[in-house]
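# Chain and residue survey
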Amino acid sequence: MKVLYFAWLRERIGTGSEEVETNASTVAKLVAELTSREDRYAAAFADMSAVRVAVDQTMTDIDASLTGAAEVAFFPPMTGG
Amino acid sequence: MKVLYFAWLRERIGTGSEEVETNASTVAKLVAELTSREDRYAAAFADMSAVRVAVDQTMTDIDASLTGAAEVAFFPPMTGG
Amino acid sequence: MSVSVQIEDFDISQEIGTLKAVRTDIGAVVTFTGLVRDMGGGQPVSAMELEHWPGMTEQALEEIETQARQRWSLKATRIVHRYGALKPGDQIVLVIAASPHRGAAFEAAEFMMDFLKTRAPFWKKETTPQGARWVDARDADDTAQARWDQP
Amino acid sequence: MSVSVQIEDFDISQEIGTLKAVRTDIGAVVTFTGLVRDMGGGQPVSAMELEHWPGMTEQALEEIETQARQRWSLKATRIVHRYGALKPGDQIVLVIAASPHRGAAFEAAEFMMDFLKTRAPFWKKETTPQGARWVDARDADDTAQARWDQP
């Protein structure tokens, strides 16, 4: 599974993109798995109300399924324009 | 009294600006006076609903007084922009 | 805050550049540019002549700018209106509103255009295959202007 | 109809020129330009870094443009968004909407900006005397976007 991080999530985790070996069936389970692995993930995912999620480049939420998904992205609310 | 004409009023009357000797006390009386003088004024003022008036550069209406006024302007509704 | 009534064309980037040259507190710049269309009243238009009232026109545009600046928090405004002989595709008018935030800039630019359509002493004459004709004022422009009177 | 996501600056006159080069049926052109402000969250801002999601960003901007063209009768649209290192006064974003009439051009430009604020994957980091900080999304932007959902 390819996992992307943007803005302060990227900074806290220390990378913008990584391959993650996981069998997590939902985004929430992936977050829990990463959080338990290392402190830097725990720091990034401490307040999930400030985190937005896209699965295969479609905006979704934390309960989204990862079945068949190739890419998950985590980022704060967008501030374009 | 200086009288100004714009757009099709100017074209029908044949000038954009002229000095008019008049004792008319209102715009309506000035229009009546000019209309009786020559056909070109009658042609220009035939439909007063299509004519706008300014006295001393302030938009007003046909019943406005000319007492103390130096300039009257006649023009169709504005089409700027 | 300034207005120009001129025969010459204008350059939008240059006009914005002048407004923001002396300041960095502007977050939002909205411009409206009016162009001569190739159709008018269902007829092809080959040329347009714009008549105005020298002296009075500048005064009317300044009054519109002043009203906009009283209603919204603006950092800069600009109105440029051309007169004389124009052809399809030519620029006629430019309105610029600059503000810290975009809402005020959009509203002020639209306000200035709506007032300009009905309050600035310009008259358009279009040349069509049937000859030249004066453009009628549009009721829609009166309606657009009147909505700003609502509380 | 086109979008660009680029490091380079843009020129508004040139962008409008490209849109109207091939046609004379445009009567109204509205542009919105977003600039880097020298203040953010009550702090002086000396620099801004704009991060984006390459590939996804273009797709999001095209989707916004497509929605605008479905809602209004537009002759041309354009979105340019920069990323990378910027400083106060620099141009960030340009939105252009061109239509035969001004109402559609104003609404479409504002619509595109409102959606861009909340739907385009960009993140701003400002440098202030207290260090660098990521700019928070504004609730006002969600509200501005949501109003287009109303019937």
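Attention here is on the structure that accompanies the text.

Definitions and cut-offs
- Residues numbered from 1 in each chain as written.
- Chains lettered and ligands numbered in written order.
- Predicted model: local features only at pLDDT ≥ 70, side-chain atom pairs only at ≥ 80, totals over all residues.
- Heavy atoms only, no water.
- Phe/Tyr/Trp six-rings, centres within 6.5 Å; stacked < 30°, edge-to-face > 60°.
- Helix = DSSP H or I, 4+ residues; strand = E, 2+ residues; numbered from the N terminus.
- Buried < 20%, exposed > 50% of the residue type's maximum accessible area, 1.4 Å probe, protein only.
- Least-squares fit on C-alpha atoms with pLDDT ≥ 70 in both.
- Pairing = 2+ DSSP bridges.
- Axes fitted to C-alpha atoms, helices over the stretch in contact; angles between N-to-C directions.
- Contact = heavy atoms within 4.5 Å.
- Buried area = accessible area lost by both parts, 1.4 Å probe.
- Salt bridge = Lys/Arg side-chain N within 4 Å of Asp/Glu carboxyl O.
- Polar contact = N/O pair within 3.5 Å; in protein donor to acceptor, adjacent residues only side chain to side chain.
- Nonpolar A, V, L, I, M, F, W, Y, C, P; charged D, E, K, R; others polar.

Attention shifts here to the packing of aromatic side chains. Scanning the entire structure with this criterion turns up 26 aromatic pairs over all chains. Aromatic pair F6(A) and W123(D): ring centres 4.8 Å apart, planes at 15°, arrangement stacked. Here F6(A), found in the loop between β1 (2-5) and α1 (7-13), pairs with W123(D), found in strand β9 (residues 122-128), and the two come from separate chains. We note that F6(A), like W123(D), is buried. Three or more aromatic residues joined by ring pairs make a cluster, and in this case those are Y5(A), Y41(A), F45(A) and F74(A).

This brings us to the relation of the copies chain C and chain D. Mapping chain C onto chain D calls for a screw motion: a turn of 180° about the axis and a shift of 0.0 Å along it, with 0.0 Å RMSD after fitting. Taken together, the rotation and translation describe the operation of a two-fold axis.

This brings us to the sheet that holds β9(D). Sheet strands associate in pairs through backbone hydrogen bonding, adopting either a parallel or an antiparallel arrangement. Residue and element names in this part refer to chain D. Judged by pairing direction, the sheet is antiparallel, and its four strands sit side by side in the order β7-β5-β9-β10 without closing on themselves. Each edge of the sheet is formed by a strand with only one pairing partner; in this case those strands are β7 (84-86) and β10 (131-134). Neighbour-to-neighbour, the strand axes of this sheet turn through a mean angle of 25°, independent of strand direction.

Our focus in this paragraph is the interface of chain C and chain D. With 35 residues of chain C at the contact, the number on the chain D side is 35 residues. Carbon and sulfur atoms supply 51% of the area buried between chain C and chain D, which totals about 3000 Å² over both sides. One can count four salt bridges joining chain C with chain D. A salt bridge links R102(D) to D141(C), with the nearest nitrogen and oxygen atoms 2.9 Å apart.

Before going further, it helps to spend a moment on the interface of chain A and chain D. At the junction of the two partners, chain A supplies 18 residues and chain D supplies 23 residues. When the two sides are added together, the surface that chain A and chain D hide from each other amounts to roughly 1700 Å², 60% of it contributed by carbon and sulfur. On the chain A side of the interface with chain D, the three residues burying the most area are M78(A), T79(A) and G81(A), jointly 42% of the side's total. In this structure, the connection of chain A to chain D is made through two salt bridges. E51(D) is the salt-bridge partner of R10(A), the closest N and O atoms lying 2.5 Å from each other. Counting across the chain A and chain D interface gives nine residue pairs in polar contact (both at pLDDT 80 or more). Listing elements by their share of the side of chain A that touches chain D, those giving two or more residues are β1, α1 and β5 (71-75) of chain A. In terms of residue count, the dominant contributor to the side of chain A that touches chain D is α1(A) (four residues). Class assignment of the residues belonging to the side of chain A that touches chain D gives a composition of eleven nonpolar, four polar and three charged.

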